[in-house]
Amino acid sequence: GAVVSQHPSRVICKSGTSVKIECRSLDFQATTMFWYRQFPKQSLMLMATSNEGSKATYEQGVEKDKFLINHASLTLSTLTVTSAHPEDSSFYICSARIPRGGSGGENIQYFGAGTRLSVL
Amino acid sequence: AQSVTQLGSHVSVSEGALVLLRCNYSSSVPPYLFWYVQYPNQGLQLLLKYTSAATLVKGINGFEAEFKKSETSFHLTKPSAHMSDAAEYFCAVTNNFNKFYFGSGTKLNVKP
């Protein structure tokens with residue numbers, strides 16, 4: 001199946017600093033990537049949809065100035081948590097979808113391994 | 001609006017026993033349903049999906065799920081559990097392959 005790489009897998013930072021998380025599609029081009037957040041013992045919640053070459057679409061209640069998303073190429077989307085605070089500590093997961101006309105596996109979201117963010 | 005409910009945050013079975021993980025969904029339009037598995041420190045891996053074809057869907061590793069519209073359910077089963085099946089399982093629903101709604105997950109423990 002398609003491979004999505006997410007980096008870093010774990011990050012610990014001080015309150016007030018910014019953290020960047022990368023999501024790469026390794027063997028396919030992804031015009032659309034998705035960013036999720038997972039709190040302990042809760043389900044994954046979609047934060048935003050990242051579209052290559054255009055602005056991300058944020059879900060209701062997600063601060064776009066807090067969670068900056070850049071999808072500068074067909075294989076890379078980044079999520080930057082700006083001025084992180086302890087309440088931003090969570091598990092962040094990205095996914096990518098093979099576009100229509102791709103070599104199979106369309107309409108399936110392929111997930112990265114996630115990033116555990118801990119803000120002290 | 002769509003939502004998914006997974007009954008039982010933890011399920012424990014003996015090796016060789018039947019695995020049954022429950023998923024009920026809510027959707028105002030015909031849904032597409034998915035089961036994903038997450039091993040520790042890994043991403044979500046697709047087990048199987050229902051996209052309006054056969055209601056009984058077979059996936060990887062011997063898992064299967066049956067879409068029952070009358071019960072709004074998509075329960076995941078496996079006839080005989082293996083130790084390697086121990087993981088967390090997520091049910092998800094979508095109607096447009098963009099926004100996925102996930103259940104809260106069920107951790108499967110397999111006892112020797």
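I will try to describe carefully the structure that is included in this document. (Residues numbered from 1 in each chain as written. Chains lettered and ligands numbered in written order. Predicted model: local features only at pLDDT ≥ 70, side-chain atom pairs only at ≥ 80, totals over all residues. Heavy atoms only, no water.)

All names here are of chain A. On the secondary structure map, Val11 appears in strand 2 (residues 10-13). For Val11, a relative accessible area of 17% translates into the label buried. Distance in space between the C-alpha atoms of Val11 and Leu26 is 22 Å, their sequence separation being 15 residues. Those residues within four positions of Val11 in sequence are excluded, and the remaining contacts are Val19, Thr115, Arg116, Leu117 and Ser118. (Helix = DSSP H or I, 4+ residues; strand = E, 2+ residues; numbered from the N terminus. Buried < 20%, exposed > 50% of the residue type's maximum accessible area, 1.4 Å probe, protein only. Contact = heavy atoms within 4.5 Å.)

Moving on: the pairing of strand 10 (residues 87-94) of chain B. Residue and element names in this part refer to chain B. The element strand 10 is largely enclosed, with a buried count of eight among its eight residues. Burial along strand 10 is two-sided: Ala87, Tyr89, Cys91 and Val93 and Glu88, Phe90, Ala92 and Thr94, pointing in opposite directions, are all buried. Alignment of strand 5 (residues 32-38) against strand 10, held across seven bridges, turns out to be antiparallel. Following the sheet pairing, Trp35 is matched in strand 10 by Cys91. Strand direction decides the pairing type here: strand 10 and strand 12 (residues 106-111), joined by three bridges, are antiparallel. (Pairing = 2+ DSSP bridges.)

Moving on, we come to the nonpolar core. Within the largest apolar cluster, 42 residues are counted, with the highest numbers of intra-cluster contacts made by Tyr36(A), Leu44(A), Phe111(A), Leu117(A), Tyr36(B), Leu44(B) and Phe102(B). If you tally residues by element for this core, the top one is strand 9 (residues 90-97) of chain A, at five residues. Apart from residues no more than four positions distant in its own chain, Leu44(B) is found in contact with Leu44(A), Ile93(A), Phe111(A), Gly112(A), Tyr36(B), Val37(B), Gln38(B), Phe90(B) and Phe102(B). (Core = buried A, V, L, I, M, F, W, Y, C linked by side-chain atoms within 4.5 Å.)

It is worth spelling out the interface of chain A and chain B at this point. Tallying the contact residues gives 19 residues for chain A and 18 residues for chain B. In this assembly, chain A packs against chain B so that about 1500 Å² is buried in total across both faces, 57% of it on carbon and sulfur atoms. Here chain A and chain B share one salt bridge between them. Here the side of chain A that touches chain B is built from residues that sort into nine nonpolar, six polar and four charged. (Buried area = accessible area lost by both parts, 1.4 Å probe. Salt bridge = Lys/Arg side-chain N within 4 Å of Asp/Glu carboxyl O. Nonpolar A, V, L, I, M, F, W, Y, C, P; charged D, E, K, R; others polar.)

A few words now on the state of the cysteines. Summed over all chains, the structure comprises two disulfides over all chains. Covalently, Cys23(A) is tied to Cys94(A) through a disulfide, its sulfur atoms 2.0 Å apart. Linking Cys23(A) and Cys94(A), the disulfide has an S-S dihedral of approximately 80 degrees and is accordingly described as right-handed. With Cys23(A) in strand 3 (residues 19-25) and Cys94(A) in strand 9, the pair connects residues that are 71 residues apart, well separated along the chain. Across this residue pair, the class does not change: Cys23(A) and Cys94(A) are buried. Between the sulfur of Cys23(B) and that of Cys91(B) lies a disulfide, 1.9 Å long from S to S. Across the S-S bond of Cys23(B) and Cys91(B) the torsion is about -60 degrees, and the bridge reads as left-handed. One end of the pair, Cys23(B), is in the loop between strand 3 (19-21) and strand 4 (24-26); the other, Cys91(B), is in strand 10, with 68 residues separating them in the sequence. Accessibility classification places Cys23(B) together with Cys91(B) in one group, the buried group. (Disulfide = S-S within 2.5 Å.)

A few words on the pairing of strand 5 of chain B. All names here are of chain B. Of all the seven residues making up strand 5, six are buried; the element is thus mostly covered by neighbouring parts of the structure. By the bridge criterion, six bridges tie strand 5 to strand 6 (residues 44-50) in an arrangement that is antiparallel. Residue pairing for strand 6: Phe34 is matched across the bridge by Lys49.

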